[in-house]
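Coordinate inspection notes
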Amino acid sequence: MQGSEELNSWREELASLVEDTGIPFTGDGIGILTPGSTTTEPPLFESVETEATSSVESESIKDQINGFAKAWAELMAELGRGCKDVVQQTLLTEDSYIVKKTKEPLNQVTEKLRFLNEFLPEDRDPVQAWSVIFFVFILALAALTENEYYSNLQTVKKVHIHPPSALRVLLPDGRYMAYREVGVPADKARFSLVTPHGFLSSRLAGTERILDKTWGIRTLFSCYNLLKCFHVIGIPGVKVSLLEEYGVRLITYDLPGFGESDPHPNRNLSSSALDMSYLAEAVGVKGKFWVLGYSSGSMHAWAALKYIPNRVAGAAMFAPWINPYESSMSKEERSGTWKNWTRKRKFLYYLARRFPKFLGYLYRQTFLSGKHGQINKWLSLSLGKKDTTLVKTSDFEEFWHRDVEESIRQGKTKPFIEEAVIQVSNWGFSLVDLQVQRKCQRKGIFPWLQFIYGEAECELTGFLGPIHIWQGMDDMVVPPRMTDYVARVLPNTFMHRLPEEGHFSYFFLCNDCHKQIFSTLFGNPQGPLDTVDVAPIKENGDDESTKADSAIGI
């Protein structure tokens with residue numbers, strides 16, 4: 001009895017010393033393990049860990065994703081409500097600038113359109129009804145736009161690479177150059193005309209307009225020379241009959257890396273001029289030849305006048321290209337050159353000058369994408385009135401597509417990047433170098449004595465032959481300001497300004513224009529040479545030298 005009282009007093013004393021934890025103490029042993037002893041009782045937190053593990057396993061990945069999506073949706077909904085409150089409290093209050101400026105005009109428009117509510121059902125709220133109508137209108141417009149987009153995709157013409165068809169010559173450095181010639185044969189040519197092409201072009205300079213669709217089989221068999229039945233390359237739309245009338249042999253070729261010509265490892269304008277000289281020699285051009293440059297292809301014509309002037313009888317330029325960064329251009333000439341170009345075209349010139357490697361990506365998105373496109377979009381061109389009308393014709397589209405297909409035959413960006421870089425880089429010479437000048441030796445004692453007692457030995461420098469330039473005054477691709485610069489630095493050039501003509505309208509598919517060009521260059525038509533005639537081109541070159549001498553007062 002006494003022992004039980006002592007036990008209770010001990011418990012009471014322990015309870016007074018220890019704070020109540022809410023866990024009843026039964027007086028059982030705590031169960032401390034001693035070495036060598038074992039117990040079968042589970043750990044204290046086993047049930048808790050098992051319960052947590054089972055709950056985690058029961059929650060699948062799908063449930064986690066759903067929970068995350070719900071939480072994200074709730075977050076975005078709260079964000080939307082917050083933005084709505086901000087807009088209502090700041091922008092849509094009576095004192096806000098937007099409400100003050102738009103309230104009166106909107107009220108006027110609402111009053112004018114209020115009569116439309118009469119067409120709505122009487123039991124419909126106009127705000128809700130017009131909201132639904134506007135939403136349906138937007139959906140219908142989007143559907144129509146999408147259908148139009150897919151219909152346009154279906155009409156896009158894909159690029160077709162044709163079988164090789166060019167003649168090729170082997171150049172001294174082991175490269176092959178592709179070329180094509182039309183007109184009179186080499187032994188009967190009164191004039192030889194060599195034509196380098198421009199950017200995104202080829203020796204075809206477009207396409208042959210092969211065989212008029214109105215011809216029959218009997219007409220085709222009547223063509224004893226099939227070339228007479230074709231419209232010709234080089235000068236788009238010029239006829240073989242016109243070439244024969246003037247005794248012209250027209251030679252076009254692919255620049256390195258274009259068409260079927262092998263690429264050049266270190267191409268520049270100097271190498272381009274040498275390629276032209278090698279080609280003329282390989283195809284049997286006797287004496288001097290004329291060079292024709294159109295648009296950016298005129299860069300290579302300028303190079304021929306600089307580096308091989310003894311081989312060139314004269315030059316015909318059509319909207320000739322000049323480096324727009326040329327330092328000798330005046331402020332007015334430079335600003336007039338850049339003024340009408342599109343922003344994208346200006347950006348392309350900037351890339352070509354600073355970061356040419358980026359051009360490859362842009363080219364693969366356009367003309368190297370395997371699909372055809374409009375010339376003004378592919379090349380980011382601004383076009384005048386006549387040019388806009390011309391590029392929409394089927395004849396122009398046909399020859400443009402064929403020319404592009406031949407130009408991108410090799411499918412590489414390098415030749416196009418090289419050509420773009422040359423357009424805006426230092427050419428290695430200035431057009432001032434082509435001006436005819438009288439240069440006399442004045443260094444040393446002997447030239448000084450010759451100057452005192454007689455005439456000093458002098459020689460003519462620059463290009464001695466004639467240079468004819470045709471420029472459309474509505475040309476937005478190569479602006480007239482460029483030819484103004486040429487006329488200033490080369491005052492002896494023959495400038496033909498064409499009012500209301502654009503970049504393409506005078507040179508492309510114009511029979512009367514071609515007749516005027518040939519008449520200006522070669523005079524009256526004399527036909528092909530007879531076999532007994534000798535070296536007329538050399539005589540022509542001598543005549544032009546005499547004209548150059550008289551032009552500078554010698």
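Residues numbered from 1 in each chain as written. Predicted model: local features only at pLDDT ≥ 70, side-chain atom pairs only at ≥ 80, totals over all residues. Heavy atoms only, no water.

Per an unreviewed UniProt entry, the recorded name for the protein is Epoxide hydrolase 2, and the organism is Olea europaea subsp. europaea.

**Structural notes on the pattern of salt bridges**
Throughout the structure, instances matching the rule amount to 17 salt bridges. In this structure, Arg203 and Asp254 form a salt bridge, with 2.7 Å as the shortest nitrogen-oxygen distance. One end of the pair, Arg203, is in the loop between strand 3 (191-196) and helix 6 (217-221); the other, Asp254, is in the loop between strand 4 (248-253) and helix 8 (269-282), with 51 residues separating them in the sequence. Judged by its relative accessible area of 0%, Arg203 is buried. A salt bridge links Arg267 to Glu419; its shortest N-O distance comes to 2.9 Å. Highlighted residues: Arg267 in the loop between strand 4 and helix 8 and Glu419 in helix 16 (residues 414-424), separated in sequence by 152 residues. On the basis of relative accessible area, Glu419 is assigned to the buried category, the value being 0%. Several salt bridges converge on common partners, so that one network encompasses Arg203, Asp254, Glu260, Arg402, Glu406 and Arg409. (Salt bridge = Lys/Arg side-chain N within 4 Å of Asp/Glu carboxyl O. Helix = DSSP H or I, 4+ residues; strand = E, 2+ residues; numbered from the N terminus. Buried < 20%, exposed > 50% of the residue type's maximum accessible area, 1.4 Å probe, protein only.)

**Description of the environment of Phe367**
Position of Phe367 relative to the elements: it lies in the loop between helix 12 (359-365) and helix 13 (375-378). Taking the relative accessible area as the measure of exposure, Phe367 reaches 1% and is therefore buried. Expressed as a C-alpha distance, the spacing of Phe367 and Val159, which sit 208 residues apart in the sequence, is 9.1 Å. Beyond its immediate chain neighbours, meaning those up to four positions away, Phe367 contacts Phe199, Leu200, Trp378, Ile408 and Phe416. (Contact = heavy atoms within 4.5 Å.)

**What to know about unusual backbone geometry**
Comment: phi is negative for the bulk of residues other than glycine, and the bulk of peptide bonds are trans. For Ser295, which is not glycine, the phi dihedral falls at a positive 55 degrees. With respect to the secondary-structure elements, Ser295 resides in the loop between strand 5 (289-294) and helix 9 (298-307).

**Re a nonpolar patch on the surface**
A surface patch of nonpolar side chains, about 560 Å² in accessible area, is lined by Phe68, Trp72, Leu75, Met76 and Leu79. Within the secondary structure, Phe68 is located in helix 3 (residues 61-90). Judged by relative accessible area, which is 60%, Phe68 ranks as exposed. (Patch = residues over 30% accessible without salt bridge, like charges linked within 9 Å, V, L, I, M, F, W, Y side chains within 5 Å. Areas by Shrake-Rupley, 256 points an atom, 1.4 Å probe, with all protein chains shown as cover.)

**As for the pairing of strand 10 (residues 494-498)**
For a regular strand, side-chain orientation follows a simple rule: the groups alternate between the two sheet faces. The pairing of strand 9 (residues 467-472) with strand 10 spans five bridges and is classified as parallel. Of the residues in strand 10, the one forming a bridge with Gly472 is Leu498. In this region the chain leaves strand 9, passes through helix 18 (residues 480-489) and returns to the parallel neighbour strand 10; the handedness of that crossover is right-handed. (Pairing = 2+ DSSP bridges. Right-handed = clockwise from strand over helix to strand, strands pointing away.)

**A word on helix 16**
Of all eleven residues in helix 16, nine are buried; the element is thus mostly enclosed. Turning to helix 16, the residues buried within the fold contact helix 8, helix 9, helix 11 (343-354), helix 12 and helix 15 (394-407).

**Section: the state of the cysteines**
Defined simply, a disulfide is a covalent bond joining two cysteines at their sulfur atoms. What the rule picks out here adds up to one disulfide. Through a disulfide, Cys510 is tied to Cys513; the S-S separation comes to 2.1 Å. Judged by the sign of its S-S torsion, about 60 degrees, the bond between Cys510 and Cys513 is right-handed. Of the residues examined, Cys510 reaches a relative accessible area of 18% and is grouped as buried. (Disulfide = S-S within 2.5 Å.)

**Details of the packing of helix 8 against helix 9**
Look at helix 8 against helix 9: their axes get within 8 Å of each other, and the N-to-C directions meet at 80 degrees. In terms of their interaxial angle, helix 8 and helix 9 are classed as roughly perpendicular. Residue-level contacts link Leu269, Ser270, Ser272, Ala273 and Met276 of helix 8 to Met299, His300, Ala303, Ala304 and Tyr307 of helix 9. In the contact of helix 8 with helix 9, the residues fall into seven nonpolar, three polar and no charged. (Axes fitted to C-alpha atoms, helices over the stretch in contact; angles between N-to-C directions. Parallel < 35°, antiparallel > 145°, perpendicular 65-115°, else oblique. Nonpolar A, V, L, I, M, F, W, Y, C, P; charged D, E, K, R; others polar.)

**Considerations on the sheet that holds strand 4**
If you trace the eight strands from one edge of the open sheet to the other, you get 1-2-4-3-5-6-9-10, paired in mixed fashion. Edge positions in the sheet fall to strand 1 (167-170) and strand 10, since each has one partner strand and no second. Averaged over all pairs of adjacent strands, the angle between strand axes in this sheet comes to 25 degrees, irrespective of strand direction. In this sheet, strand 9 lies alongside strand 6 (residues 312-318) in parallel orientation, the contact comprising four bridges. Counted as the bridge partner of Ala315 is Ile467 from strand 9. Set on the sheet, helix 9 makes contact with strand 3, strand 5, strand 6 and strand 9; between it and strand 6 the angle comes to about 155 degrees.

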